[in-house]
Amino acid sequence: MGEVAADEGVDGQNGRAQTDVVVIGAGPAGLFSVFQLGILNLKAHVIDILDRPGGQCAELYPEKPIYDIPGFPEVTGQELTDRLLKQAEPFEPVFHLQELVSHLDHLESGRYLIKTDMGTEIECGAIIVAAGGGSFTPKRPPIPHIEDYEDQSVHYAVRRMEMFRDKRLVVAGGGDSALDWTIHLAPIARSLTLVHRRPGFRAAPDSISKMEELVEAGDIEFHVANIKGLEGEHGRLDAVLLNNEERGDYKIDCDMLLPFYGLTMKMGPVASFGFTFDDDEKIPVDTEFFATDRPGIFAVGDIATYPGKLKLILSAFHEVALAARGCFKTIHPDVELKLGYTTSNKALQKKIGVA
Ligand SMILES: Cc1cc2nc3c(=O)[nH]c(=O)nc-3n(C[C@H](O)[C@H](O)[C@H](O)COP(=O)(O)OP(=O)(O)OC[C@H]3O[C@@H](n4cnc5c(N)ncnc54)[C@H](O)[C@@H]3O)c2cc1C
């Protein structure tokens, strides 16, 4: 779990966090929501299934330059994410990373209750759905009967490192996630074997060097091989069956397999939250406040659709500014909202922390 800021209060009676707005998704739309809500004095919790903020920008093209962000002739996906995080910082958002928003209930009080698959419960007055093309979901490797071992012995993410302490681990894959987790888990595992189908990696050079140092020091093993099957019973893994040119079929004993074969996007639980979706799995919105057909719930970014919609980051930024105002009107229906310029409005500058 990745909570990176202090919570602003947990209800003594039911142990639930209380906040103004829950933002589902930490892509560019979700991150800029925090800023726009913040200048309206609304606090936000942001939830994402990924282990880092940035959505598609951070996960799919962190090093690629984007050329159509106003004011930035060139900015990489990661740099844009970092800048959005910095801009959101004064408003102390609470991030819940590696958590899937799994339930949304409308309470009798009129507030909403959001639950995640990690047991987090948050009550809020309004919701911004910034879920993009859906939650990132790991690709399942084509290994026969792998599903029989999932959750018990096969894990596609590391949510709690302690689960892997003193275990015989096999990490599979050749990208950043496989190498990052190899490096982080090696010191606590009983043994760790990295398996990749070819000798080359698609990962940060620094991670490749660190992994090679671990191999040289004898702390981990690296096998160039294909995974052919799994051996074990009742969901408990005993060995992974490998094959390569040099050795043919062979096996290595193991308690847990961690395959990192990339991610796909699936709509997931958001599809069952009671919004109307169009045929393209997008949520039609009223563009005054980017409201969905559920009161107090707004949709922005790639998941929102309306006549003329452009699935671009710059459109998401505009949508977020209006959705934040929709949240404000939901939570404070009797308060008039005025437009302020950040260049000249001292109250806004105080909120941002520059005056
Ligand atoms: C290769 C590539 C290049 C691109 N280049 C450009 C470009 O040059 N210019 C441009 O404007 N756009 C570009 N785009 C598009 C741009 O990245 C998207 O428009 C933008 O990321 C949409 O932002 P978002 O916040 O709406 O959604 P996303 O970035 O998709 O973020 C949504 C987040 O919500 C999370 N989520 C969803 N459901 C749940 C749930 N139930 N629980 C927890 N978390 C959940 C997901 O894990 C994800 O992190 C590009 C896209 C790609 C793939």
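Residues numbered from 1 in each chain as written. Predicted model: local features only at pLDDT ≥ 70, side-chain atom pairs only at ≥ 80, totals over all residues.

Undergrad: Is there a simple way to think about the pairing of strand β15 (residues 248–253) in this case?
TA: For a regular strand, side-chain orientation follows a simple rule: the groups alternate between the two sheet faces. Pairing geometry for strand β14 (residues 236–244) and β15, over six bridges, is antiparallel. Paired with Leu-242 across the bridge in β15 is Tyr-250. (Pairing = 2+ DSSP bridges. Helix = DSSP H or I, 4+ residues; strand = E, 2+ residues; numbered from the N terminus.)

Undergrad: Help me out: how do you make sense of the pairing of strand β16 (residues 256–259) in this one?
TA: Here β16 shows a buried face lined by Met-256 and Leu-258 and a second buried face lined by Leu-257 and Pro-259. Across four bridges, the pairing between strand β10 (residues 168–172) and β16 is parallel. Within the sheet, the bridge partner assigned to Val-171 lies in β16 and is Leu-258. (Buried ≥ 20, exposed ≤ 12 C-beta atoms within 10 Å, placed from the backbone.)

Undergrad: How do you make sense of the sheet that holds strand β13 (residues 226–233) when you look at a structure like this?
TA: Two orientations exist for strands paired in a sheet by backbone hydrogen bonds: parallel and antiparallel. Judged by pairing direction, the sheet is antiparallel, and its three strands sit side by side in the order β13-β14-β15 without closing on themselves. Single-partner strands in this sheet number two, and they are β13 and β15. For this sheet, the mean angle separating the axes of adjacent strands, direction not counted, is 25°. (Axes fitted to C-alpha atoms, helices over the stretch in contact; angles between N-to-C directions.)

Undergrad: Looking at this structure, how should I read the sheet that holds strand β11 (residues 191–196)?
TA: Taken together, the four strands give an open sheet; going across it, the order is β12-β11-β10-β16, and neighbouring strands pair in parallel fashion. If you trace the sheet from one side to the other, it starts and ends with β12 (221–224) and β16, each paired once. Looking at each pair of strands side by side, their axes are set apart by 20° on average, direction ignored. Along the sheet face, helix α4 (residues 176–185) touches β10, β11 and β16 and points at about 160° away from the line of β10. (Contact = placed C-beta atoms within 7 Å.)

Undergrad: What am I meant to see in the site of the ligand here?
TA: Close to the ligand lie 37 residues, the nearest being Gly-25, Gly-27, Gly-55, Gly-132 and Gly-301. Among the residues forming the shell around the ligand, the class breakdown is 22 nonpolar, 11 polar and four charged. (Near = placed C-beta within 6 Å. Nonpolar A, V, L, I, M, F, W, Y, C, P; charged D, E, K, R; others polar.)

Undergrad: Help me understand the nonpolar core in this model?
TA: Proteins that are soluble and globular tend to have nonpolar side chains buried together. Residues Val-21, Val-129 and Val-300 are the most contacted members of the largest nonpolar core, which totals 57 residues. With eight residues, the top contributor of residues to this core is helix α6 (residues 313–331). Ranked by size, the runner-up nonpolar core spans 29 residues in total, among them Leu-179, Ala-186, Ile-220 and Leu-258. (Core = buried A, V, L, I, M, F, W, Y, C linked by C-beta atoms within 7 Å.)

Undergrad: Even after reading the chapter, I still don't get the packing of helix α1 (residues 28–38) against α6, so can you show me in this structure?
TA: When two helices pack together, their arrangement is given by the angle between the helix axes and by the axis-to-axis distance. At a minimum axis distance of 9 Å, the contact between α1 and α6 shows a crossing angle of 40°. Considered as vectors, α1 and α6 are oriented oblique to each other. In terms of crossing hand, the pair formed by α1 and α6 is right-handed. For the pair α1 and α6, the contacting residues are Pro-28, Ala-29, Phe-32, Ser-33, Gln-36 and Leu-37 in the first and Ile-313, Ala-316, Phe-317, Val-320, Ala-321, Ala-323, Ala-324 and Cys-327 in the second. A breakdown of the residues in the contact of α1 with α6 according to their chemical character gives 12 nonpolar, two polar and no charged. (Parallel < 35°, antiparallel > 145°, perpendicular 65-115°, else oblique. Left-handed = near helix turned anticlockwise from the far one by under 90°.)

Undergrad: Is there a simple way to explain the domain arrangement of the chain in this structure?
TA: Split by domain assignment, the chain resolves into domain 1 (17–136 + 264–352) and domain 2 (140–261). The centre of domain 1, based on its C-alpha atoms, is set 35 Å off from the matching centre of domain 2. (Domains from an automatic or database assignment.)

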